[in-house]
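A structural walkthrough
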Amino acid sequence: STLLMRKDATVDVPDDANVPADPPLPPREPLPDDDFVVDRTEWVPPGFAFAMDYERTAGGIGGGAPASIWMRLRTKVVKGEEPSPFQWLAAAADMGSQLGGYLPYRTYRTINADITAHIGRLPTTPWIGMDGVHRVAADAIGQTTAQMFDEEGFLATMQSSVHIDRWQF
């Protein structure tokens, strides 16, 4: 389900308002030995992994938290239409189940059972950053929470329920 909120009003924030600081943006320099997708044809099945460009800036597959990554949608979502800022954000939010995972990726797969993004504003640039934490219980149910950014600052808070299972080859 989706809720689109009307943007009619303007808000004049008083100069003396106690406004929380924006969370810091993840760094933009990718890790030199990024292991997310070195060879996309080696072990990643076609689909979502092929639709994005990635620059992991903290953590690594199976490395747990802290974890941050910048992503950019590299394909159209609807044939003949350029992706919208909402589509950039939604595609990046789907990365939540892999963001800060600490289980061996070649042994376990994770699926976002749901995704909720509380959006403060839509992105103005296609590169979307996520900085988050992934937690897993022994019953193979997990959760990811993350802050989302574009190159201008904070965008959204994302949360996802995650199902974990062993790869079935």
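In short, a report on the structure. Remember, it's a predicted structure, so these values are computed and weren't measured experimentally.

Conventions adopted
Residues numbered from 1 in each chain as written. Predicted model: local features only at pLDDT ≥ 70, side-chain atom pairs only at ≥ 80, totals over all residues. Heavy atoms only, no water. Helix = DSSP H or I, 4+ residues; strand = E, 2+ residues; numbered from the N terminus. Contact = heavy atoms within 4.5 Å. Areas by Shrake-Rupley, 256 points an atom, 1.4 Å probe, with all protein chains shown as cover. Core = buried A, V, L, I, M, F, W, Y, C linked by side-chain atoms within 4.5 Å. Buried < 20%, exposed > 50% of the residue type's maximum accessible area, 1.4 Å probe, protein only. Pairing = 2+ DSSP bridges. Axes fitted to C-alpha atoms, helices over the stretch in contact; angles between N-to-C directions. Polar contact = N/O pair within 3.5 Å; in protein donor to acceptor, adjacent residues only side chain to side chain. Patch = residues over 30% accessible without salt bridge, like charges linked within 9 Å, V, L, I, M, F, W, Y side chains within 5 Å. Salt bridge = Lys/Arg side-chain N within 4 Å of Asp/Glu carboxyl O.

With that settled, consider the overall build of the chain. Looking only at helices and strands, the chain features 3 helices and 6 strands. Put simply, 62% of the contacts in the chain that link residues at least 6 apart link residues at least 24 apart. Counting every atom, the chain has about 10500 Å² of accessible surface; 54% of that belongs to carbon and sulfur.

A word on the nonpolar core. Ranked by size, the top nonpolar core spans 21 residues in total, and within it Met-52, Ile-69, Met-71, Ile-128, Met-130 and Met-148 carry the most contacts. Elements represented by at least two residues in this core include exactly strand S1 (52-58), strand S2 (67-73), helix H2 (85-93), strand S4 (128-136), strand S5 (141-150) and strand S6 (153-166). No other element matches H2, which puts 5 residues into this core.

Next up on the list: the sheet that holds S6. Taken together, the 6 strands give an open sheet; going across it, the order is S1-S2-S4-S5-S6-S3, and neighbouring strands pair in antiparallel fashion. Single-partner strands in this sheet number two, and they are S1 and strand S3 (108-119). For this sheet, the mean inter-axis angle between neighbouring strands, taken without regard to orientation, is 25°. The pairing of S3 with S6 spans 11 bridges and is antiparallel.

Here we come to the side chain of Ser-160. Within the fold, Ser-160 resides in strand S6. Polar side-chain contacts of Ser-160 include one of 2.9 Å to the side chain of Asn-112. For Ser-160, the residues in contact, after removing those within four places along its chain, are Asn-112, Asp-114, Ile-115, Gly-142, Gln-143 and Thr-144.

Another point: a nonpolar patch on the surface. On the surface, a nonpolar cluster with roughly 250 Å² of combined accessible area is contributed by Phe-86, Ile-119 and Leu-122. Within the secondary structure, Ile-119 is located in strand S3. Relative accessible area serves as the criterion here: at 36%, Ile-119 is assigned to the partly exposed category.

Per the stated rule, a full pass over the model turns up 4 salt bridges. For Arg-121, the salt bridge goes to Asp-150, with nearest N and O atoms at 2.7 Å. With Arg-121 in the loop between S3 and S4 and Asp-150 in strand S5, this residue pair connects regions lying 29 residues apart in the sequence. One network of salt bridges, in which partners are shared, links Asp-53, Arg-72 and Arg-74.

With that settled, consider the pairing of S1. Burial analysis of S1 places 6 of its 7 residues in the buried class, which makes it a mostly covered element. Bridge count for S1 against S2 is 6 bridges, and the pairing is antiparallel. Looking at the pairing, Met-52 lines up with Leu-73 of S2.

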